[in-house]
Structures are given as C-alpha cells and as structure tokens.
Amino acid sequence: MRLLSQLFVLGLAAEVAVASTWFSKAVYNKWHETELERWLSDHNVPYPTPADRKDLENLVKDNWQTKISQPYSDWDVKQLNSYLQQKGVEVKDAAASNRDGLFAQVKSAWYETEDKAEDAWTNVKDWIFDSWTESQLKAFADKHGIPVPQPRKRDTILQKLRSNYESVAQKAGETASYPGNWLYETWSESDLKEWLDTNGIPAPQPTTRDKLIASVRRNARVASLKMADLSASASKSAADATQTLSDKLLESWSDSQIKDWADKNGIKVPQGSKRNELLAIARKHRASLTGDNASYSAKSAYGAATSSAANEYAKATDDAAMKAEDLFNSAIGTWSESRLKAYLDARGVPVPQSGKKDELLSAVRLNRHKAASGWSAWTFDTWTVDNLRAYLASSGDKAAKKASEEADATREQLFSAAQDAYYSASKSSGPAYASVTSYLAKQTDAAKDSVFDTWSESELKNYLDSYGFDVPQGSTKNQIVAWARNQRNYFQYGTTTPQGTLLAKLSNGAQWLLDQLSLGAAAGRKEAAYQAEKASKAVKEGANYASNHAGEAAQTATNRIKEEL
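Residues numbered from 1 in each chain as written. Predicted model: local features only at pLDDT ≥ 70, side-chain atom pairs only at ≥ 80, totals over all residues. Heavy atoms only, no water.

Q: Describe the overall build of the protein, and please don't skip the residues or the numbers.
A: Along the protein, the regular secondary structure elements total 24 helices and zero strands. Burial status across the protein gives 41% buried among its 565 residues. Intrachain contacts of the protein at a sequence separation of at least 6 include 65% that bridge at least 24 residues. Total accessible area on the protein stands at roughly 30200 Å², and carbon and sulfur atoms take up 50% of it. (Helix = DSSP H or I, 4+ residues; strand = E, 2+ residues; numbered from the N terminus. Buried < 20%, exposed > 50% of the residue type's maximum accessible area, 1.4 Å probe, protein only. Contact = heavy atoms within 4.5 Å. Areas by Shrake-Rupley, 256 points an atom, 1.4 Å probe, with all protein chains shown as cover.)

Below, the structure written as structure tokens:
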C-alpha cells in the first residue's frame with residue numbers, strides 16, 4: 001500500500017513537472033516585463049500598475065489565443081467574408097451572414113497553425129520587416145549604421161537588417177522580442193498612417209504617434225503572412241500555367257516529332273506505340289529533362305511573358321494609386337473652406353494664415369495620410385439623431401439639454417447644438433471638457449459603416465451638401481448612402497476604403513494577370529495545332545499578347561475601383 005502511495009505521488013509530481021515545463025516554453029515567458037506590458041497595452045488588455053510579473057504573464061496567456069493564434073476572433077462578418085474570398089474559399093449565400101460558420105471556415109483556412117504562430121514570436125526579426133517599403137528599410141539601415149553592399153536590393157537589405165537586429169537593439173538599450181517604438185523611429189506619422197491604409201487597417205480615432213505605432217506593431221505579423229500568401233499563390237499560378245503550356249505543346253506535336261524528341265533525349269520508345277502511349281512516355285520523362293523539350297519551351301515563353309507582365313503590373317499598380325489620389329483630390333475640391341479647415345484641425349495641422357482655399361487644399365493634400373489626432377466639433381458629423389440627443393442631454397449644458405428635448409428638431413439642428421456644446425466645453429478645459437471626451441470615447445458605434453442606413457434621404461442629401469456634393473436626380477438610397485460613406489471616409493481616413501484598401505483590391509490582380517497569360521498562350525496554341533515549330537512560335541505570340549494586354553487589364557481593374565469609389 002505504501003509503495004502504491006509513493007508511486008501515486010511520483011506520478012503526480014511528474015505531471016506537474018510536465019505542465020510546468022510546457023508553460024515555461026511559452027515565448028512570452030522570456031519577455032521583459034516592459035514587453036509584457038507593451039503587448040497588453042497594444043491589444044487593449046487592462047493590467048494593474050504596478051503589477052507582478054506572474055500576473056502580467058497570466059494576462060498575456062489568457063489573451064494569447066484570441067490575439068495571436070486566432071487574430072480573427074473579433075472580426076465581423078464583412079472581414080471574415082473578405083478573408084475567405086482572398087483565399088478562394090467559396091461561401092454560399094445562405095452562409096455569408098452566419099458568423100459562427102464563417103469563423104470556422106476562416107479558422108480552417110488561416111495562414112498558419114497555432115504552433116507556428118507561437119514559433120513566429122521566437123524570431124521576430126525573420127518577418128517584422130516584411131511589410132516595410134524599400135525606402136524605410138534603407139532609412140533603418142542608415143540610422144543604425146548597418147552597411148549594405150551596392151546595389152542595395154531589397155533582399156540584400158532585408159538579410160542585413162535581420163542579421164543585425166539584436167545587436168542594434170542591444171546598442172540602443174532596447175528589447176527585441178516584442179520591440180518598442182525604437183523600431184519605428186525613422187517613420188513619420190504619415191508613414192505609419194499610410195502603412196495602415198495600405199494594409200486595410202483603420203487608424204485609431206482619435207490617435208497619437210504611440211497609438212499609430214501600436215496599431216502597426218499589433219498588425220505586422222498578419223501583414224507579413226498576407227504578403228507571403230499572395231506571393232505563394234502567384235508562384236503556384238505561374239507553375240500551373242507553365243505546366244498547361246507544356247501539356248498543350250506536347251499535344252500539338254505529331255507522332256514522328258515525339259519520337260524524334262525521345263530519341264534526342266535517350267528515351268526508348270517501344271515499336272508500334274500508339275499516340276496516347278507516346279504522349280504518356282513524353283509526359284513521364286519531361287519533368288527530369290531540360291533543353292530541347294516542351295517543358296523548356298513553355299518555361300522560356302512563359303518566363304518572357306511574366307517578366308514583361310510584371311513590369312506592366314507594377315506600372316498599373318502605380319497608376320491605380322495615382323488614380324486613387326486623383327479621386328481624393330477631386331473630392332476635396334468641392335469641400336467648403338470650413339470643411340477643409342476642420343480636416344486640418346482634426347489632425348493638429350496649423351491652418352494657413354491666409355485662409356485662401358488654394359492653400360487649404362494644398363495643406364489637405366499634403367496631409368492625406370496623417371491620422372486624426374483627437375476629438376473635434378466635427379466628431380459628431382455622422383452621429384444619428386438618437387446619439388446626438390443623448391449627448392446633448394448628458395453634456396451638462398443647459399442650452400444643449402433644451403435642444404435635445406425639442407421633439408421636432410432636425411438632425412442638422414441637433415448637430416449644430418452638439419458642436420456649440422463641444423466648443424463651449426473645450427474652451428473651459430475643466431471637468432466639463434473631461435466629461436465630454438469621456439462620453440465621446442464610449443460612442444465608437446456611432447462611426448460604424450451602418451450608421452447611414454438609418455438616415456432619411458433628406459438627411460443624407462443635407463450631409464452630402466455640406467461636402468459640396470450634388471446628388472444626381474433619380475439616385476437610389478443605396479447610391480446616396482455609398483456617396484455619404486465615401487465622403488465620411490475621405491474626411492476621417494484620407495481614403496474611401498479604410499478596411500479594404502486599394503492594395504487589397506489590387507492584390508487579386510496578380511492572379512488575374514497569370515490567368516491572362518494562360519489565356520493568351522491558349523490563343524497561341526490554336527495556331528500551333530499541326531507542328532511543333534509553329535506551336536512554339538504561337539506560344540510566344542500568345543505570351544506577347546498577354547503581356548501587351550496586362551496593362552489594359554490593370555486599367556480595367558482601376559476603372560472598376562473608380563466605379564466603386
């Protein structure tokens with residue numbers, strides 16, 4: 001009996017030891033306390049101050065799965081659908097609004113497993129720079145004295161930055177596992193905001209430099225995974241297209257040409273082989289052969305086409321970005337001077353002293369990627385009647401409370417009263433203003449995309465009129481809502497698509513171009529139905545066709561974006 005008791009105790013101790021060892025393997029257990037606090041702060045997880053290290057680790061542990069292993073946990077239906085569409089996962093109409101079902105599909109199609117998500121944070125340097133622009137990489141290397149051999153190509157710079165990452169952090173006296181703001185010292189606030197815009201992440205409202213960095217840092221891993229996924233998808237499409245080309249080329253060869261090809265490559269062909277047997281022999285051996293064969297010819301033609309198409313796509317991407325900028329410039333051209341001043345004021349940008357519209361427009365264009373830095377009287381711009389009444393009633397201002405009680409007050413009148421109450425409170429800078437900002441911080445729902453859905457057509461038209469936007473006769477309510485949303489987004493974010501940016505829309509362009517290459521090659525193959533020499537020539541023509549039409553395709557995509565905007 002005593003022996004059994006001892007064995008039981010030993011077994012229990014072993015289980016505890018295993019559990020302890022497993023817990024100690026968590027990557028964040030090796031982090032500095034400041035990194036634990038930084039992680040919690042970035043992910044909006046409250047923690048006590050001062051806090052015991054064990055308490056901090058437990059808080060990170062409790063939130064790790066939803067924030068790191070499953071970062072899509074708090075996504076809405078629209079975001080879940082968007083991800084599945086990007087991954088090519090078909091979602092039936094009936095399931096498109098079922099969040100639980102969409103969540104399960106995203107989980108099964110996520111970029112990485114939970115184990116890999118954990119491992120990624122053991123080597124931050126391997127991916128943290130992936131989503132940086134080349135100029136940002138060069139600026140980091142220059143600031144920290146990292147020598148990069150000429151020519152300074154992106155891959156070379158990345159390799160140098162990764163190999164020097166820990167030493168740079170040590171010299172600066174900073175932590176490197178969950179890096180602080182030091183990593184983004186060479187970035188301007190506009191750089192940070194533009195990164196968020198490019199990756200389809202709304203900038204925090206209101207914001208500061210610290211909040212912008214926190215948002216970039218928090219989303220850097222997913223941005224890296226998305227880039228890697230798109231790259232892998234493009235590579236696979238390229239390989240598939242090459243395979244298709246070589247298949248069709250073989251089919252275009254005559255029996256004698258296949259036999260000649262086999263003879264040149266030392267492949268024995270049994271006497272009396274039928275055509276299907278000849279094709280099977282050719283396909284069996286082509287993967288291990290190079291030179292005078294269909295696979296080589298296809299790769300050569302495809303390589304030339306993709307090289308040219310890549311240049312066309314890069315040009316098209318730049319053109320599309322310029323078009324988006326033109327649309328922004330066109331939109332703000334109709335804004336009133338007060339609206340332009342409000343845009344600058346919300347971002348802490350000094351309003352030009354002259355107050356001339358041309359100078360205001362120039363300042364707004366210059367600060368397109370600058371995030372709004374705090375609350376302003378224009379915060380109420382998109383609030384519903386109910387939100388406005390609730391704010392006025394709780395503001396503590398007698399005139400505001402009286403306005404909230406007027407049953408026949410229009411949204412415009414309530415909006416004006418809310419602005420007046422805000423101006424009055426902001427001038428006092430005392431408890432009244434603190435109460436106002438506290439109230440505003442809780443009203444995040446008022447800024448959601450669905451806000452305009454409850455407005456009447458007259459309210460929507462009045463709102464658009466404040467932007468100088470004339471609603472065409474015969475417009476449907478859905479169209480008016482879309483225009484209102486665009487103007488709101490321009491004013492708040494400097495882009496019409498804070499959650500689905502231009503780059504996100506264009507990311508599908510790589511797949512589209514590859515499809516065009518295949519289609520172009522297919523057109524060429526029809527001309528090569530009788531002999532290999534003509535087939536090879538036709539494939540090249542098809543590739544040229546695809547390359548030439550890549551620019552047209554990207555332009556078409558741009559036009560579609562313009563229509564959506």
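We are not done yet, so read on.
Q: Help me get a handle on the nonpolar core, residues and values and all.
A: Counting residues in hydrophobic clusters, the biggest one holds 49 residues, and the most contacted among them are Trp31, Trp64, Trp121, Phe129, Phe140, Leu183 and Tyr184. Considering each element in turn, this core owes the most residues, six residues, to helix H8 (residues 154–171). Excluding anything up to four places from it in sequence, phenylalanine 129 contacts Leu137, Phe140, Arg154, Leu158, Leu161, Tyr165 and Leu183. Ala363, Phe452, Trp455 and Ala484 belong to the second largest nonpolar core, which has 25 residues in total. (Core = buried A, V, L, I, M, F, W, Y, C linked by side-chain atoms within 4.5 Å.)

Q: So what's going on with unusual backbone geometry? Which residues, and what values?
A: Put simply, threonine 49 and proline 50 share a cis peptide bond, and its omega is -5°. Note on placement: proline 50 falls in the loop between helix H2 (33–42) and helix H3 (53–69). A cis amide bond links glutamine 150 to the next residue, proline 151, at an omega of -10°. Structurally, proline 151 can be placed in the loop between helix H7 (134–143) and H8. Residue asparagine 44 is not a glycine yet carries a positive backbone phi of 55°. By the secondary structure assignment, asparagine 44 is in the loop between H2 and H3.

Q: Account for the pattern of salt bridges, with residues named and values stated.
A: Within this structure, the stated rule accounts for 12 salt bridges. Note that arginine 217 and aspartate 42 form a salt bridge whose closest N and O atoms lie 2.6 Å from each other. Of this pair, arginine 217 sits in helix H10 (residues 209–252) while aspartate 42 sits in helix H2, and the two are 175 residues apart along the sequence. In this structure, arginine 217 and aspartate 42 share a single accessibility class: buried. Lysine 193 serves as the salt-bridge partner of aspartate 197, at 2.9 Å between the closest nitrogen and oxygen. (Salt bridge = Lys/Arg side-chain N within 4 Å of Asp/Glu carboxyl O.)

Q: I'd love a proper account of the packing of aromatic side chains, names of residues and values included.
A: According to the stated counting rule, one finds 37 aromatic pairs in the structure shown. Consider the rings of tryptophan 110 and tyrosine 111, whose centres lie 4.8 Å apart with planes at 55°: the pair is tilted. Take tryptophan 110 and tyrosine 111: they sit in the same class, and that class is buried. Ring centres of tryptophan 121 and tryptophan 127 lie 5.0 Å apart, and the angle between their planes is 80°; on these two criteria the pair is classed as edge-to-face. Tryptophan 127 sits in the buried class, given a relative accessible area of 4%. Here the aromatic residues Phe328, Trp335, Tyr343, Phe452, Trp455, Tyr463, Tyr467, Tyr490 and Phe491 are joined through ring pairs into a cluster of three or more. Above the ring of tyrosine 467, the side-chain terminus of arginine 339 is found at 3.7 Å from the ring centroid. (Phe/Tyr/Trp six-rings, centres within 6.5 Å; stacked < 30°, edge-to-face > 60°. Lys NZ or Arg CZ within 6 Å of the ring centre and 35° of its normal.)

Q: Any chance you could break down H7 for me, citing the residues and the numbers?
A: Listed as buried for H7 are Gln136, Leu137, Phe140 and Ala141. Down the axis of H7, the buried set is contained in an arc of 135°. They therefore lie on one face. The outward face of H7, more than 90 degrees from its buried face, is lined by the exposed residues Ser135 and Asp142. After H7 finishes, the residue glycine 145 shows a positive phi value of roughly 65°. (Arc of directions from axis to C-beta.)

Q: If you had to explain the packing of helix H14 (residues 337–345) against helix H15 (residues 357–366) to someone new, which residues and values would you point to?
A: In helix packing, the relevant descriptors are the interaxial angle and the interaxial distance, both defined with respect to the helix axes. Here H14 crosses H15 at 35°, and the two axes come no closer than 10 Å. Crossing of H14 against H15: the hand is left-handed. Contact with H14, carried on its side by Glu337, Leu340, Lys341, Tyr343 and Leu344, involves Lys357, Leu360, Leu361, Ala363 and Val364 of H15 and no other residues of that element. The class makeup of the residues in the contact of H14 with H15 is seven nonpolar, no polar and three charged. (Axes fitted to C-alpha atoms, helices over the stretch in contact; angles between N-to-C directions. Left-handed = near helix turned anticlockwise from the far one by under 90°. Nonpolar A, V, L, I, M, F, W, Y, C, P; charged D, E, K, R; others polar.)

Q: So what about the packing of H2 against H3? Which residues, and what values?
A: At a closest axis distance of 10 Å, the pairing of H2 and H3 adopts a crossing angle of 40°. As the angle between them shows, H2 and H3 are arranged oblique. Two packed elements cross with a definite hand, and for H2 against H3 that hand is left-handed. Taken together, the residues of H3 that come into contact with H2 (itself represented by Glu33, Leu36, Glu37, Trp39 and Leu40) are Arg53, Leu56, Glu57, Leu59, Val60, Asn63, Trp64, Lys67 and Ile68. Here the residues of the contact of H2 with H3 are counted per class, giving eight nonpolar, one polar and five charged. (Parallel < 35°, antiparallel > 145°, perpendicular 65-115°, else oblique.)

Q: Talk me through the environment of glutamate 189; I want residue IDs and the actual numbers.
A: Along the chain, glutamate 189 falls in helix H9 (residues 189–198). Separated by 21 residues in the primary sequence, glutamate 189 and aspartate 210 have C-alpha atoms spaced 9.5 Å apart. Contacts of glutamate 189, omitting those with residues within four sequence positions, involve Arg209, Leu212, His369 and Lys370.

Q: Explain the side chain of arginine 38 to me, and be specific about the residues and the numbers.
A: As for its placement among the helices and strands, arginine 38 is situated in helix H2. The side chain of arginine 38 is buried and forms no salt bridge, while glutamate 35, the nearest opposite charge, is found at 4.7 Å. Among residues more than four places away in sequence, those in contact with arginine 38 are Thr175, Tyr178, Pro179, Gly180 and Arg217. (Lys, Arg positive; Asp, Glu negative; His and termini not counted.)

Q: If you had to explain H3 to someone new, which residues and values would you point to?
A: Helical geometry: 3.6 residues make up each α-helical turn, so side chains three or four residues apart lie on a common side. With 17 residues, H3 should reach 24 Å at 1.5 Å per residue; the first-to-last C-alpha distance of 22 Å fits that figure. Along H3, the helix axis deviates most sharply at asparagine 63, where the bend reaches about 55°. At the N-terminal boundary of H3, the capping side chain belongs to aspartate 52, with an oxygen 2.9 Å from the backbone nitrogen of lysine 54. (Expected span 1.5 Å × (residues − 1). Bend = angle between axes of the 7 residues up to and from the residue. Polar contact = N/O pair within 3.5 Å; in protein donor to acceptor, adjacent residues only side chain to side chain.)

Q: Now, about the confidence of the model for the protein: what can you tell me, with residues and values included?
A: Per-residue confidence for the protein averages 75 on the pLDDT scale, and 68% of its residues sit at or above 70. Below a pLDDT of 50 lies the segment residues 12–24, which in the model reaches five contacts outside its immediate sequence neighbourhood of four places, other chains included. Contacts from residues 298–314, a stretch scored under 50 in pLDDT, to residues over four places away or in other chains number 31 contacts. (pLDDT = per-residue confidence, 0-100.)

Q: Account for the environment of glutamine 136, with residues named and values stated.
A: Of the residues examined, glutamine 136 reaches a relative accessible area of 10% and is grouped as buried. Counting along the chain gives 48 residues from glutamine 136 to tyrosine 184, while the straight-line C-alpha distance between them is 9.2 Å. In this view, glutamine 136 contacts Trp187 and Asp191; residues no more than four positions away in its chain are not counted.

Q: Residue-level account of the environment of leucine 80, with values.
A: Considering the arrangement of structural elements, one finds leucine 80 in helix H4 (residues 77–86). Separated by 23 residues in sequence, leucine 80 and phenylalanine 103 place their C-alpha atoms 6.8 Å apart. Setting aside residues up to four positions removed in sequence, leucine 80 forms contacts with Tyr72, Trp75, Arg99, Leu102, Phe103 and Val106.

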